[in-house]
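Structure at a glance
Residues per chain are reported as follows:
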Amino acid sequence: MAVIAGNWKMHLGPSDATDFMKSVDTASVPTVHELIVFPPAVSLHVVSSSAARDPRLQVGVQNIHWEDSGAFTGEISAPMAADAGATFALVGHSERRHVFGESDGDTRLKVKAAVRAGLVPVLCVGETLQERQSGRLDEVILRQLDATLDELRVAERFLIAYEPVWAIGTGETATPADASDAHAVLRARLEDALGVAGSATVPILYGGSVKPGNAAELMSAADVDGVLVGGASLDPASFREIAAATG
Ligand code: PEP
């Protein structure tokens, strides 16, 4: 079983999202796989409720505020996302951390809000190129995980996505060995915190320039339980091909 998730970022508004859902057709994807798409918030409702919706696709929100409601112009809350059909929430995506300046403290509060609303958090962690080159990979991804562990451990379910910042949207992909090494570090921490059995229920996905041509190789790497795909998930055929390639 693998998880194949598509992060649409700021693409596919309601009309394009409806077209995606009409043509994605996941019948060729092995049924053991779990498929999730993360549309922009304005498309959540059409994706989750479209009559043409592929019943195998689950839906998540890309970002939430940590409060449930209030005077936060432009923000959306976890309960609102759930009401619009989301069952998953991305938290700590590198673009949130590095473009919008989200701190580890913010991600902790967002994980807490997601869990409170019954959403499944997908915590994203990953190092910059400079952090990797200075030998700080393990320190950075463990710091990001540790900041949220107390909130994650009370969730009924959660996922982790290891996404090296230097590989997101750049065409640069971690090698399968790079992905396995980082995933093993995260897995060891999860085992310490949750025990071997508790940790085994937490998929660790790899993300960073995954495409139809490299998905199978990455997916076959040790400790890689799925993929989080940005750019290549926008085209229904490419998303389907990635999911099918990981059988
Ligand atoms: C992402 O947005 O999570 C991502 C991995 O993007 P891309 O596949 O485009 O690198």
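For the structure, see preceding data.
Residue positions are counted from 1 within each chain, in the order its sequence is given. Totals for whole chains, interfaces and linings use every residue, but because this is a predicted model, local features are given only for residues with pLDDT of at least 70 and side-chain atom pairs only at 80 or more, for both listing and counting. Processing note: side-chain calculations cover all non-hydrogen atoms of the structure and skip hydrogens and water entirely.

**A closer look at the overall build of the protein chain**
Secondary structure assignment for the protein chain yields 10 helices and eight strands. Along the first, second and third principal axes, the C-alpha atoms of the protein chain reach 45 × 45 × 35 Å. Surface accessibility follows the Shrake-Rupley procedure with a 1.4 Å probe radius. Residue values consider only the protein chains on display as shielding. For the protein chain, the accessible area works out to roughly 10300 Å², and carbon and sulfur atoms hold 53% of it. One way to put it: in the protein chain the 19 positive side-chain charges average out to a point 3 Å from where the 32 negative ones average out. By the criteria applied, helices consist of DSSP H or I runs no shorter than four residues and strands consist of E runs no shorter than two, each listed in order from the N terminus. In this tally Asp and Glu are treated as negative and Lys and Arg as positive; neither His nor the chain ends contributes. Note on charges: their place is set at NZ of Lys, CZ of Arg, CG of Asp or CD of Glu.

**With respect to the pairing of strand E3 (residues 57-61)**
When a residue's accessible area, from a 1.4 Å probe over protein chains only, is under 20% of the maximum for its type it is buried; when over 50% it is exposed; and in between it is partly exposed. E3 sits mainly inside the fold: four of its five residues count as buried. In this scheme, strands are said to pair when DSSP sees at least two bridges between them. Relative to E3, strand E2 (residues 34-38) is paired through three bridges, and the arrangement is parallel. Opposite Ile-36, over in E3, you have Gln-58 as the bridge partner. As paired elements, E3 and strand E4 (residues 88-91) share two bridges and run parallel to each other. Along E4, the bridge assignment pairs Val-61 with Ala-89. This β-α-β element, E3 to helix H3 (residues 78-83) to E4, shows right-handed connectivity. Here a crossover is taken to be right-handed if, once the strands point away from the viewer, the path from the first strand over the helix to the second is traced clockwise.

**What to know about the sheet that holds E2**
The parallel closed barrel is built from eight strands, whose spatial order is E1-E2-E3-E4-E5-E6-E7-E8. Looking at each pair of strands side by side, their axes are set apart by 25 degrees on average, direction ignored. Contacts are assigned to residue pairs that have any heavy atoms within 4.5 Å of one another. Helix axes are fitted only over the stretch in contact, all axes being lines through C-alpha atoms; the angle between N-to-C directions runs from 0 to 180 degrees. The strands touched by helix H8 (residues 176-200) within the sheet are strand E5 (120-125), strand E6 (159-162) and strand E7 (204-207), with E7 carrying the most contacts at an inclination of about 150 degrees.

**Points about the pattern of salt bridges**
Side-chain pairs of opposite charge can arise where the charged atoms are in close proximity. We define a salt bridge as a contact between a side-chain nitrogen of Lys or Arg and a carboxyl oxygen of Asp or Glu at a distance within 4 Å. Using the criterion set out here, one finds 14 salt bridges in the structure. Between Glu-102 and Lys-110 there is a salt bridge, and its shortest N-O distance comes to 2.5 Å. What makes Lys-110 buried here is its relative accessible area of 5%. Arg-132 is the partner of Glu-127 in a salt bridge, and the nearest nitrogen-oxygen pair spans 2.8 Å.

**Considerations on the site of the ligand**
Close contacts around the ligand come from 14 residues, with Lys-9, Glu-163, Gly-169, Ser-209 and Gly-230 the closest. Each polar contact in these results corresponds to two N or O atoms within 3.5 Å; when the atoms are within protein, one needs to be able to donate a hydrogen and the other to accept it, and residues that are neighboring in sequence are counted only if both atoms are side-chain atoms. Asn-7 is positioned such that a nitrogen or oxygen atom in its side chain is 3.1 Å from an oxygen atom of the ligand. Gly-169 places a polar main-chain atom, nitrogen or oxygen, 2.6 Å from an oxygen atom of the ligand. The fraction of the free accessible surface of the ligand (290 Å²) that becomes covered by protein chains is 95%. What makes a residue near a molecule or strand is one non-hydrogen atom of that residue sitting within 4 Å of it.

**Re the packing of helix H5 (residues 104-116) against helix H7 (residues 137-152)**
Closest axis-to-axis distance for the H5/H7 pair is 9 Å, and the angle between their directions is 30 degrees. If you check the angle between H5 and H7, you find them roughly parallel. Considering only the axes of H5 and H7, their crossing is right-handed. Residue-level inspection shows Asp-104, Thr-107, Arg-108, Val-111, Lys-112 and Val-115 of H5 in contact with H7, the latter providing Arg-143, Gln-144, Ala-147, Thr-148, Glu-151 and Leu-152. Each residue gets one of three labels, nonpolar for Ala, Val, Leu, Ile, Met, Phe, Trp, Tyr, Cys and Pro, charged for Asp, Glu, Lys and Arg, and polar for the others, Gly among them. Class assignment for the residues of the contact of H5 with H7 results in four nonpolar, three polar and five charged. Roughly parallel here means an angle under 35 degrees, roughly antiparallel means over 145, roughly perpendicular means 65 to 115, and every remaining angle is called oblique. Two helices crossing with the near one rotated counterclockwise from the far one by less than a right angle form a left-handed crossing, whereas a clockwise rotation gives a right-handed crossing.

**Description of helix H1 (residues 14-23)**
Within H1, the full set of buried residues consists of Ala-17, Phe-20 and Met-21. The buried residues of H1 all sit within an arc of 95 degrees when viewed along its axis, so they share a single face. The exposed residues of H1 that point more than 90 degrees off its buried face are Ser-15 and Lys-22. Summarising the contacts, the buried residues of H1 are in contact with E2, helix H2 (44-49), E3 and helix H10 (236-245). Phi turns positive one or two residues past the end of H1, at Asp-25, with a value near 45 degrees. In this description, the arc belongs to the directions extending from the helix axis to the C-beta atoms.

**As for the packing of aromatic side chains**
Ring geometry is summarised as follows: Phe, Tyr and Trp rings, the Trp one being its six-membered ring, pair when their centres sit within 6.5 Å, and such pairs are stacked at plane angles under 30 degrees, edge-to-face over 60 and tilted between the two. A complete count under the given rule lists three aromatic pairs for this structure. With centroids separated by 6.3 Å and ring planes inclined at 55 degrees, the aromatic side chains of Phe-20 and Phe-239 adopt a geometry described as tilted. Of this pair, Phe-20 sits in helix H1 while Phe-239 sits in helix H10, placing them 219 residues apart in sequence. For the pair Phe-20 and Phe-239, a shared accessibility class is recorded, and that class is buried.

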